[in-house]
2 protein chains.
Amino acid sequence: MTLKSIAQRLDVSTASVSNAFNRPDQLSADLRARILKECARLGYHGPNHAARSLRTGKSGIVGVMLADSLAYNFKDPCAIEFMRGVAESLDNQRVNLLLMPGGESSFDQQALETIPDCFILYGPPNDRSVLGRLQSQHKPIVAVDFTIPNHLSLNIDNYQGAYEAAHHVFSKVGTVDGTLDSTAVAVVGLRLLDQQAISTIAGRTLFEADVSISRVRLDGFRAAARDLGCALPDSLVWHTHDSAWNDGVEAAELALQTQPRPRALLCMSDQLALAALSVARSQGLRVPEDVAIVGFDDIPAAQQSHPSLSTVYQPSLEKGRLAARMVMAPDKHHNTVLPTKFIVRESSALK
Amino acid sequence: MTLKSIAQRLDVSTASVSNAFNRPDQLSADLRARILKECARLGYHGPNHAARSLRTGKSGIVGVMLADSLAYNFKDPCAIEFMRGVAESLDNQRVNLLLMPGGESSFDQQALETIPDCFILYGPPNDRSVLGRLQSQHKPIVAVDFTIPNHLSLNIDNYQGAYEAAHHVFSKVGTVDGTLDSTAVAVVGLRLLDQQAISTIAGRTLFEADVSISRVRLDGFRAAARDLGCALPDSLVWHTHDSAWNDGVEAAELALQTQPRPRALLCMSDQLALAALSVARSQGLRVPEDVAIVGFDDIPAAQQSHPSLSTVYQPSLEKGRLAARMVMAPDKHHNTVLPTKFIVRESSALK
DNA sequence: TTGAAAGCGATACCAT
DNA sequence: ATGGTATCGCTTTCAA
């Protein structure tokens, strides 16, 4: 069943059949009705996507490229909220969404990259080469949570959120009996270094702030400490590669092993913080009395945990919605930074 | 940059360039290396997907059609786990995934349906007409959580899980002082009727068991009650249209309003049960002492709630993995029913 | 091993 | 308002 065969059967031109589907104003209502009716009867359900796309150069699909594998992102509550926001905006515009992994890409994968009309990049793709490829297509691109020169970007105010969180924590536990305590606060960081292993950042080279949101968060932490006259030694800042439960557990165990034991843990994601919470509990530590714990993101589970988690709220859903709107109408938008907000809950509620 | 222009620049045939990408054995290693190198230099990143797909009739994409909108499914923990499973299997095979909404579809949407090489249908599509359209394409289809004649299907044992859950609940609260109590248990059901409004099923026409997994669960509940000599009156079985928080709250409020108040709530999803939990709490009811609550699915939040939620575990992740494997190799698979298992936790832990 | 050419299914220009 | 036809970029058969 092709458009052509339909045209022959009805003894009209292919153009008319095509127009019946795509440009109702180009033919009489009568003819259009007849064509559409016959198509339904013969089981022709409309133009083939590949052919139409080849001819028009458009696909009606927005590509959402994730930083790494799809499976990983389906485990990340922030990514899920983000995708939900994108889906919501796109649904409204009757546009479709192709999820693309940002890992190493074979030739077959690369062919995929030619499908979408525009791209939302959720974080810098693991495979750095895709960036150049996408740019060479000259299609709209929106970078989320990072920046690409000469393209729209959408970020959140990591610095401010981190600053507020750290300010709160340091002012609670940064001094002991009025004297500065440089061992009071440890950080469970995420992707601060270019390594898989969990370790402190002491003596290592950090990612720069322009490529790593974690680095920005760390800078926020540090600034708050400094402004309060406190210190945040590198030897108390831990790096993890993934935000997965196991990494959080391992890093939290190491962090809480330090002598003297830190009185607070600043975590760079709620997932890490939740894992830390469970480590603290299993070590018989009271939260927040023995150790305060603060997260980042404000995923749904943060409110539901016990104790509930103090954290930095970021508007993941709204970020997704906006990213979709931006990429659909790039000319009507500017680079944007969405606000974040520190939320005090039980896990840091020291008097 | 097209394959043809590359061929001209290098003074070779288009066939050779194509072969360089697709069939290394069809040309000398030297020539291939030269072609690939020049492509990289000139910024040709491989064949255009639409053209290749038009020509070969394959796309390297698996379509995952959800029952309704994408946004709705990104809110459903089961759907997310399922998609994660699919993504995991597909990642391994270097195949890609196109998420497709199963709601009402415009012509543009219908064009999308011609892209994938095969389809996973996660629940019966809201728009019933897509089923016929997909079938007429003669591509592999796997139906998940429902059945299509002459196509592979993958289900879970809803009946057994529901039976176990209800058996547990009725044997705890089904009799009072040794006499049968037909008001002991209410059901918060999901999509039992073809209506949006929340109501009991008394006097209404239920979906049949072959199109509604909820109906199967209800049948399991009923059978367990019957086997224990108890009753499950239609007037205590509530229907909701969505598994969203608000629906759960509303249905639970109505259910708990019945006089005498039910001693247990059998909910058809954990989302509904969690909402019921919160209703019970806000009414000052103790769970499980005043009212026991049981869910279905065993989403992650079920263990984390307080009290933790008794529920029927279903292997959503594994279901996704298997669905992907089935659709990629339909001949090697048969219709499958995955087991479910009732898990007792605190919300029904009556002695 | 390489090249020429047909054709995948649709669109849109240009005639009529 | 309708029809004829070149063309989108690529794959693949067949011949050289």
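As the structure is a prediction and not an experimental result, all values here were calculated from the model.

Colleague: I tried to follow the sheet that holds strand S11 (residues 264-267) of chain B on my own but got confused; where do I start?
Modeller: Strand pairing in a sheet is mediated by backbone hydrogen bonds. Such pairs are either parallel or antiparallel. Residue and element names in this part refer to chain B. An order of S9-S10-S8-S11-S12 is seen for the 5 strands of this open sheet, with the pairing classed as mixed. If you trace the sheet from one side to the other, it starts and ends with strand S9 (199-200) and strand S12 (292-294), each paired once. Relative to strand S10 (residues 237-240), S9 runs antiparallel, the two sharing 2 bridges. The residue bridging Ser199 from the neighbouring strand is His239, located in S10.

Colleague: Could you clarify how one ought to interpret the relation of the copies chain B and chain A in this entry?
Modeller: Comparison of the two chain copies shows a relationship of rotation about an axis with a shift along it. Structural alignment of chain B on chain A gives an RMSD of 0.1 Å, achieved by rotating through 180° and translating 0.0 Å along the axis. Classification of the inter-copy transformation places it as that of a two-fold axis.

Colleague: Please clarify how the domain arrangement of chain A should be interpreted in this entry.
Modeller: Interfaces are often sized by the amount of accessible area the parts lose when they come together. What the domain assignment lists for chain A is domain 1 (3-47), domain 2 (61-156) and domain 3 (158-315 + 339-348). Computed over C-alpha atoms, the centres of domain 1 of chain A and domain 3 of chain A are 63 Å apart.

Colleague: Looking at this structure, how should I read the pattern of salt bridges?
Modeller: Two side chains that carry opposite charge are able to pair once their charged atoms sit near each other. Residue and element names in this part refer to chain A. Counting across every chain of the model gives 32 salt bridges over all chains. In this structure, Glu81 and Arg84 form a salt bridge, with 3.2 Å as the shortest nitrogen-oxygen distance. Of this pair, Glu81 and Arg84 both sit in helix H6 (residues 77-92), 3 residues apart, which is roughly one turn of that helix. Here Arg133 ties to Asp127 by a salt bridge, and the two come within 3.8 Å at their closest N and O atoms. When salt bridges that share partners are traced, they join Glu88, Glu318, Arg321 and Arg325 into one network.

Colleague: Just to check I follow, could you spell out the nonpolar core for this structure?
Modeller: A general trend in soluble globular proteins is that nonpolar side chains are found buried together. If you look at the biggest cluster of nonpolar residues, it comprises 180 residues, and the most contacted ones within it are Ile120, Leu266 and Ile293 of chain A together with Ile120, Leu266 and Ile293 of chain B. Residues within four places of Ile293 of chain A in sequence aside, it is in contact with Leu265, Cys267, Ala273, Ala276, Leu277, Ala280, Val287, Leu309, Ser310, Ser347 and Ser348 of chain A.

Colleague: What is the right way to read the pairing of S11 of chain B from this model?
Modeller: Looking along a regular strand, one sees the side chains alternate between the two faces of the sheet. Residue and element names in this part refer to chain B. Side-chain alternation along S11 places Ala264 and Leu266 on one buried face and Leu265 and Cys267 on a second face that is also buried. With 4 bridges joining them, strand S8 (residues 185-190) and S11 adopt parallel strand pairing. Directly across from Ala186, in S11, lies its bridge partner Leu265. When S11 meets S12, the two strands line up parallel, connected through 3 bridges. Across the sheet, Ala264 pairs through a bridge with Ala292, a residue of S12. Regarding topology, helix H12 (residues 270-282) serves as the crossover connection from S11 to the parallel S12, and that connection is right-handed.

Colleague: Explain the packing of aromatic side chains to me, please; I cannot follow it from the model alone.
Modeller: What describes a pair of aromatic rings is the distance from one ring centre to the other and the angle between the planes of the rings. Inspection of the entire model under this criterion finds 5 aromatic pairs over all chains. For the ring pair Phe82 of chain B and Tyr122 of chain B, a centre distance of 4.3 Å and an interplane angle of 20° mean the geometry is stacked. Here Phe82 of chain B, found in helix H6 (residues 77-92), pairs with Tyr122 of chain B, found in strand S3 (residues 118-122); they are 40 residues apart in sequence, far enough to count as distant. Over the ring of Phe296 of chain A we find Arg217 of chain A; its NZ or CZ atom is 3.7 Å from the centre of that ring.

Colleague: Help me understand the environment of Ala166 of chain A in this model?
Modeller: Residue and element names in this part refer to chain A. Secondary-structure assignment places Ala166 in helix H9 (residues 158-173). On the accessibility criterion, Ala166 (0% relative accessible area) is buried. For Ala166 and Cys230, which are 64 residues apart along the polypeptide, the C-alpha to C-alpha distance reads 11 Å. When near neighbours in sequence (up to four residues on either side) are disregarded, Ala166 contacts Ser171, Phe221, Ala224 and Leu266.

Colleague: What exactly am I supposed to notice about the protein's contact with DNA strand C here?
Modeller: The environment of DNA strand C is formed by 27 residues, the closest being Leu3, Ser18, Tyr44 and Arg55 of chain A together with Arg55 of chain B. Among the atoms of DNA strand C lying within 4 Å of the protein, the sugar-phosphate backbone contributes 65%. One of the side-chain N or O atoms of Asn22 of chain A is found 2.8 Å from a phosphate oxygen in DNA strand C. In the environment of DNA strand C, a phosphate oxygen lies 3.4 Å from a nitrogen or oxygen atom belonging to the backbone of Ser28 of chain B.

Colleague: Sorry if this is basic, but what is going on with the protein's contact with DNA strand D here?
Modeller: Taken together, the neighbourhood of DNA strand D is formed by 27 residues, with Ser28 of chain A together with Leu3, Ser18, Tyr44 and Arg55 of chain B sitting nearest. For DNA strand D, the backbone portion of the atoms within 4 Å of the protein, that is sugar and phosphate, comes to 67%. In this structure, a phosphate oxygen belonging to DNA strand D sits 3.0 Å away from a main-chain N or O atom of Ser13 of chain A. Taking Arg52 of chain B, its side chain carries an N or O atom lying 3.2 Å from a phosphate oxygen of DNA strand D. Mapped by element, the contributors of at least two residues to the surface near DNA strand D are helix H2 (14-22) and helix H4 (49-56) of chain A together with helix H1 (3-10), helix H2 (14-22) and helix H4 (49-56) of chain B.

Colleague: How should helix H14 (residues 316-328) of chain B be read in this particular structure?
Modeller: Since there are 3.6 residues in each turn of an α-helix, residues three or four apart along the chain are aligned in direction. Look at H14 of chain B: 19 Å from first C-alpha to last across 13 residues, which is about the 18 Å you get at 1.5 Å a residue. All of the buried residues in H14 of chain B are Ser316, Leu317, Lys319, Gly320, Leu322, Ala323, Ala324, Met326 and Val327 of chain B.

Colleague: Explain the side chain of Ser16 of chain B to me, please; I cannot follow it from the model alone.
Modeller: Residues and elements named next belong to chain B. Along the polypeptide, Ser16 turns up in helix H2. Classification of Ser16 as buried rests on a relative accessible area of 17%. When neighbours within four sequence positions are excluded, Ser16 is seen to be in contact with Leu27, Leu31 and Ile35.

Colleague: Which parts of the structure should I look at to understand the packing of helix H11 (residues 245-257) of chain B against H12 of chain B?
Modeller: Residues and elements named next belong to chain B. Where H11 contacts H12, the two axes come as close as 8 Å, and the packing angle between them is 55°. Between H11 and H12, the angle falls in the class oblique. Between H11 and H12 the crossing geometry is right-handed. Every residue of H12 that contacts H11 at Trp245, Asp247, Gly248, Val249, Ala252, Glu253 and Leu256 is listed here: Leu272, Leu274, Ala275, Ala276, Ser278, Val279 and Ala280. Per-class residue counts for the contact of H11 with H12 are 10 nonpolar, 2 polar and 2 charged.

Colleague: Please clarify how the interface of chain B and chain A should be interpreted in this entry.
Modeller: Every contact between the two is made by 43 residues of chain B and, on the other side, 43 residues of chain A. Roughly 4000 Å² is buried in total at the junction of chain B and chain A, and carbon and sulfur atoms are behind 63% of that figure. Of all residues in chain B, His45, Phe74 and Arg94 of chain B bury the most surface against chain A, accounting for 16% of the area lost on that side. In this structure, the connection of chain B to chain A is made through 0 salt bridges. Along the contact surface separating chain B from chain A lie 4 residue pairs in polar contact (both at pLDDT 80 or more). For the side of chain B that touches chain A, the secondary structure elements donating two or more residues are H4, helix H5 (70-73), H6, strand S2 (96-100), helix H7 (107-112) and helix H13 (300-304) of chain B. When the residues that make up the side of chain B that touches chain A are grouped by side-chain class, the tally is 21 nonpolar, 13 polar and 9 charged.

Parameters and conventions
Residues numbered from 1 in each chain as written. Chains lettered and ligands numbered in written order. Predicted model: local features only at pLDDT ≥ 70, side-chain atom pairs only at ≥ 80, totals over all residues. Heavy atoms only, no water. Pairing = 2+ DSSP bridges. Helix = DSSP H or I, 4+ residues; strand = E, 2+ residues; numbered from the N terminus. Least-squares fit on C-alpha atoms with pLDDT ≥ 70 in both. Domains from an automatic or database assignment. Salt bridge = Lys/Arg side-chain N within 4 Å of Asp/Glu carboxyl O. Core = buried A, V, L, I, M, F, W, Y, C linked by side-chain atoms within 4.5 Å. Buried < 20%, exposed > 50% of the residue type's maximum accessible area, 1.4 Å probe, protein only. Contact = heavy atoms within 4.5 Å. Right-handed = clockwise from strand over helix to strand, strands pointing away. Phe/Tyr/Trp six-rings, centres within 6.5 Å; stacked < 30°, edge-to-face > 60°. Lys NZ or Arg CZ within 6 Å of the ring centre and 35° of its normal. Near = heavy atom within 4 Å. Polar contact = N/O pair within 3.5 Å; in protein donor to acceptor, adjacent residues only side chain to side chain. Expected span 1.5 Å × (residues − 1). Axes fitted to C-alpha atoms, helices over the stretch in contact; angles between N-to-C directions. Parallel < 35°, antiparallel > 145°, perpendicular 65-115°, else oblique. Left-handed = near helix turned anticlockwise from the far one by under 90°. Nonpolar A, V, L, I, M, F, W, Y, C, P; charged D, E, K, R; others polar. Buried area = accessible area lost by both parts, 1.4 Å probe.

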